[in-house]
Amino acid sequence: MTDTEPRAVSVGVLKGGFGKTTTAINTARELAHRNDSALVVDLDDNGHMTRQLGFEDAYTSDTNHAQRVLIDGEEPTQYAVNVVDGLDLFPAHTELESVENELRNATMGSARLRKHLVDPLLGDEYEYVVVDCPANRGKLNDNAMYATRNIIIPLKPESGYDSGLSNTIQRLVEDAREYFELDILAVTPTALNGRIDQDTRDRGLLEQLNSLDIADDIVPSYARITDEEWDAIDAGEYEGELPGIRFRGAIDAAHDAALPVRDYDGSCDQLENYAELAEIVEQGGIDR
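Residues numbered from 1 in each chain as written. Predicted model: local features only at pLDDT ≥ 70, side-chain atom pairs only at ≥ 80, totals over all residues. Heavy atoms only, no water.

So, on to the environment of Leu182. One can find Leu182 in the loop between helix H8 (161–177) and strand S7 (183–189). Among the residues examined, Leu182 registers a relative accessible area of 2% and is labelled buried. For the pair Leu182 and Asn150, spaced 32 residues apart in the sequence, the C-alpha separation amounts to 5.5 Å. Once residues within four sequence positions are removed from consideration, Leu182 is found in contact with Met145, Arg149, Asn150, Ile151, Leu172, Val173, Ala176 and Arg177. (Helix = DSSP H or I, 4+ residues; strand = E, 2+ residues; numbered from the N terminus. Buried < 20%, exposed > 50% of the residue type's maximum accessible area, 1.4 Å probe, protein only. Contact = heavy atoms within 4.5 Å.)

Encoded structure:
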């Protein structure tokens, strides 16, 4: 794959607390670092990304900019805010739930994000657009899928990771594919912190992902484990980097500092994994 034309991608999973926001903001930051520009869109009505990055005023503003753009068709750039050099944010708003309700009754209600934000901006104002999706099924998620046609699914080694993946594929991806093409660019394990030479949730998550029939197509290289590598892990002879995006204090501290990881600690060893996710977005899939 060498097609690096401007591209949009959603980051979504139908379960909360699975690393959507962290994955979205740091993938978008790496895309901005590697290219001229990127926009990250917060479509989660909880506004975790918007508030985490320090834009509480935009989230609680009297002006519901999400309604102005998605429902009324106003120019979206007037509501974008700058996060760091090259990376902007279209913030969430506390009344996104009301926008969701209006989209249910709007003409072409699933196409508004694409028509009023992604199509006007992608390839013109921004090289890449990353959408942080809500964790529930609904019109906002429909808009994200239709607008981007690509998805990255993050998973944490916590209770319910297996159902989180199956629900997202069945209820979000497969449902969308009845109407348009939607590609899974990557399924990435995040916040791994346990041993993988024992029966831990970290190991269970990695085993599940690497046993999928389509693992070569959707599991990034930093999380791909061969049968030979599993044998080495079990024998205590594995000498490679531990697979997956690992928990690091710098990632949590970056949250508290309202910054992407790169801008908080450029020496964090997990940046290379976010860079690989950015490369997957650039290429439109995994190229081994």
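Having put the structure on the table, let's press on.
Core analysis: the largest hydrophobic core is formed by 91 residues, its most contacted members being Leu87 and Leu155. With near-sequence residues (within four places) excluded, Leu155 lies in contact with Val13, Phe18, Tyr161, Leu165, Val187, Thr188, Pro189, Thr190, Leu205 and Leu209. (Core = buried A, V, L, I, M, F, W, Y, C linked by side-chain atoms within 4.5 Å.)

Tallied over the full model, the rule gives 17 salt bridges. Across the pair Glu158 and Lys156 runs a salt bridge, and its minimum N-O distance is 3.4 Å. Residues Asp269 and Arg248 are paired through a salt bridge, measuring 3.0 Å at the closest nitrogen-oxygen approach. With Asp269 in the loop between helix H13 (261–264) and helix H14 (271–283) and Arg248 in the loop between helix H11 (227–234) and helix H12 (249–256), this pair connects stretches of sequence that are 21 residues apart. Because the salt bridges share partners, they merge into one network encompassing Lys20, Asp44 and Asp132. (Salt bridge = Lys/Arg side-chain N within 4 Å of Asp/Glu carboxyl O.)

Turning our attention to the pairing of strand S6 (residues 150–155). Counting buried positions along S6 yields six of six residues, so the element is predominantly enclosed. By the alternation rule, side chains of S6 split into Asn150, Ile152 and Pro154 and Ile151, Ile153 and Leu155, which are all buried. Pairing of strand S1 (residues 7–11) with S6, which is carried by two bridges, proceeds in the parallel orientation. Within S6, the position partnered with Val11 by the bridge is Ile152. Taken together, S6, H8 and S7 constitute a β-α-β crossover, and its handedness is right-handed. (Pairing = 2+ DSSP bridges. Right-handed = clockwise from strand over helix to strand, strands pointing away.)

Quick look at the sheet that holds strand S2 (residues 38–42) now. Paired through their backbone hydrogen bonds, the strands of a sheet run either parallel or antiparallel. Strand order in this open sheet of seven strands is S3-S4-S2-S5-S1-S6-S7, and the pairing throughout is mixed. At either end of the open sheet lies a strand with only one pairing partner, and these are strand S3 (81–84) and S7. Mean inter-strand twist for the sheet, computed between neighbouring axes without regard to direction, equals 25°. Note that S3 and strand S4 (residues 87–90) share three bridges and pair antiparallel. Bridge pairing in S4 places Val81 opposite Leu89. Each of S6 and S7 is contacted by helix H9 (residues 201–210), which is oriented at about 155° to S7, the strand it contacts most. (Axes fitted to C-alpha atoms, helices over the stretch in contact; angles between N-to-C directions.)

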